[in-house]
Amino acid sequence: MDLVSLLIAATPAFIASAVEFVEATTIVLAVGVTRGWRAPLLGTLAAAVALAVIIALLGVTLVNVVPEHALKMFVGSLLLLFGLRWLRKAILRFAGIIALHDEEVIYQKELAELRAQGLSRSEFDKVGAVVAFKAVLLEGLEVAFIVIAFGAGGTQALNAAIVGAIAAGIVVILLGIALRHPLTMVPENWMKFGVGAMLSAFGVFWFAEGLEVQWPGDALALLPIIGAFLIVSYLSARMLAMILPEGAHVNARNV
Amino acid sequence: MLKGVWENVYGLLVEDGQLAVGIVVSLVVIWAAATYGGSALHENAGWLLLALLLALVVVNLYAAGHNARHKISA
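These numbers were taken from a predicted model, which means no experiment stands behind them.

K.L.:
Any details on the overall build of chain B? Residues and values, ideally.
P.N.:
When its secondary structure is counted, chain B shows 4 helices and 0 strands. Considering chain B as a whole, with its 74 residues, one finds that 38% of them fall into the buried category. With an accessible surface of roughly 4300 Å², chain B has 69% of that area assigned to carbon and sulfur atoms.

K.L.:
Break down the environment of Ala16 of chain A for me, citing the residues and quoting the values.
P.N.:
Residue and element names in this part refer to chain A. Locating Ala16 in the fold gives a position in helix H1 (residues 3–35). Along the sequence, Ala16 and Ile146 sit 130 residues apart, while their C-alpha atoms lie 7.1 Å from each other. Leave out the neighbours within four places in its chain, and Ala16 touches Ile146, Phe150 and Val195.

K.L.:
Now, about the pattern of salt bridges: what can you tell me, with residues and values included?
P.N.:
Residue and element names in this part refer to chain A. Within the structure shown, the criterion is met by 3 salt bridges over all chains. For Lys192, the salt bridge goes to Glu23, with nearest N and O atoms at 2.6 Å. Here the residue Lys192 occupies a position in helix H7 (residues 188–210), and Glu23 occupies one in helix H1, the gap between them amounting to 169 residues. Glu23 sits in the buried class, given a relative accessible area of 11%. The closest approach of N and O atoms between Glu209 and Lys72, which form a salt bridge, is 3.1 Å. Separated by 137 residues along the polypeptide, Glu209 in helix H7 and Lys72 in helix H3 (residues 68–94) bring together distant segments of the chain. As far as the burial class goes, Glu209 and Lys72 line up, both buried. Sharing partners across several salt bridges, the network here consists of Glu68, Lys72 and Glu209.

K.L.:
Explain the packing of aromatic side chains residue by residue, including any values.
P.N.:
Overall, the coordinates contain 7 aromatic pairs over all chains when judged by the stated rule. The interplanar angle of 70 degrees and the centroid separation of 6.3 Å between the aromatic rings of Trp190 of chain A and Phe193 of chain A together place this pair among those described as edge-to-face. Taken together, the positions of Trp190 of chain A and Phe193 of chain A, both in helix H7 and 3 residues apart, correspond to about one turn of that helix. Classification of Trp190 of chain A as exposed rests on a relative accessible area of 57%. Seen in terms of ring centroids, Phe205 of chain A and Trp206 of chain A are 5.4 Å apart; in terms of plane orientation they differ by 65 degrees. Their pairing is edge-to-face. Just as Phe205 of chain A is buried, Trp206 of chain A falls in that class too. An aromatic cluster is defined as three or more aromatic residues linked by ring pairs; in this entry it consists of Phe205, Trp206 and Trp215 of chain A together with Trp47 of chain B.

K.L.:
Could you give an account of the environment of Leu137 of chain A, naming the residues involved and the relevant values?
P.N.:
Within the secondary structure, Leu137 of chain A is located in helix H5 (residues 126–150). Here Leu137 of chain A falls in the buried class, since its relative accessible area comes to 4%.

K.L.:
So what about the interface of chain B and chain A? Which residues, and what values?
P.N.:
Between chain B and chain A, the residue contacts involve 38 residues of the former and 41 residues of the latter. Summing the contributions of chain B and of chain A, the shared interface buries around 3600 Å²; its carbon and sulfur component is 78%. For the pair chain B and chain A, the interface holds 0 salt bridges. Run the count over chain B and chain A and you get 3 residue pairs in polar contact (both at pLDDT 80 or more). Counting residues per element, the ones that place at least two in the side of chain B that touches chain A are helix H1 (2–15), helix H2 (17–36), helix H3 (39–43) and helix H4 (45–73) of chain B. When residues of the side of chain B that touches chain A are assigned to their parent elements, the largest contribution, 19 residues, is made by H4 of chain B. In terms of residue class, the side of chain B that touches chain A is built from 24 nonpolar, 8 polar and 6 charged.

Scoring rules and cut-offs
Residues numbered from 1 in each chain as written. Chains lettered and ligands numbered in written order. Predicted model: local features only at pLDDT ≥ 70, side-chain atom pairs only at ≥ 80, totals over all residues. Heavy atoms only, no water. Helix = DSSP H or I, 4+ residues; strand = E, 2+ residues; numbered from the N terminus. Buried < 20%, exposed > 50% of the residue type's maximum accessible area, 1.4 Å probe, protein only. Areas by Shrake-Rupley, 256 points an atom, 1.4 Å probe, with all protein chains shown as cover. Contact = heavy atoms within 4.5 Å. Salt bridge = Lys/Arg side-chain N within 4 Å of Asp/Glu carboxyl O. Phe/Tyr/Trp six-rings, centres within 6.5 Å; stacked < 30°, edge-to-face > 60°. Buried area = accessible area lost by both parts, 1.4 Å probe. Polar contact = N/O pair within 3.5 Å; in protein donor to acceptor, adjacent residues only side chain to side chain. Nonpolar A, V, L, I, M, F, W, Y, C, P; charged D, E, K, R; others polar.

If you want it as structure tokens, here you go:
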């Protein structure tokens, strides 16, 4: 695979993973600022190792052991279940039906909780390590899911997805270190909107490939599929704005 | 970690249960159509799945909008 092809193949995983890394970085930053950096960095490192093992075992096993068509149908189904859920939430947020995801609010809430727990200077900060470990592992599991999903096409696709996810991690972590503040400038809700559409489009694509359907233009068919999801999502947000012009800001569980 | 997994499963099955059921039904319908429905259906199964899912999203969001309107007016 040449560099340009690799970049194109790695881009969806890069964008999707970046969203998850932003959320994990917010928590790790909050721990580091309130309780010192040693424990959260060790927690982050432990979670990264755990994730590498999960991706290596699950991803490589899935790609190499499960028959190709069955794998594509399985991964396509999972992508649709999670992708359409993300897309639905993003549309409801844009229409003002549920509250927007705000990294600054999450960061301040996390700071207050961590400060309230107090800090023992004499021993290793287990609370800081565990909070960072959990945040990185949970968001990282979603990254692992994204990598396995985008890498379902075979070894090259898996490698490209891994490259995209690692690059996203490096960029987000470097930005977090440089700014020492949550990455509120990242248009997270827009990215989630795009990621939901991308995951759903890949879900349709893989599921149909699993049924041995030939797409016109092969992977290029992904472009009109993503476009269809984006157009319908935009129109749906407009429809919701007509139903509730003032918005609602209700709990996601109530709609 | 278990809490996070549980929240995802709960969210998928309860919060977005109707959407999840709709997706699974759409996948089964398209699988049946592509497998038993002749070559024309098989060739166009991908586009049919896309159309079904787009319709599902619009209907689900329309219902969500009306649910939210009832919640705030109640």
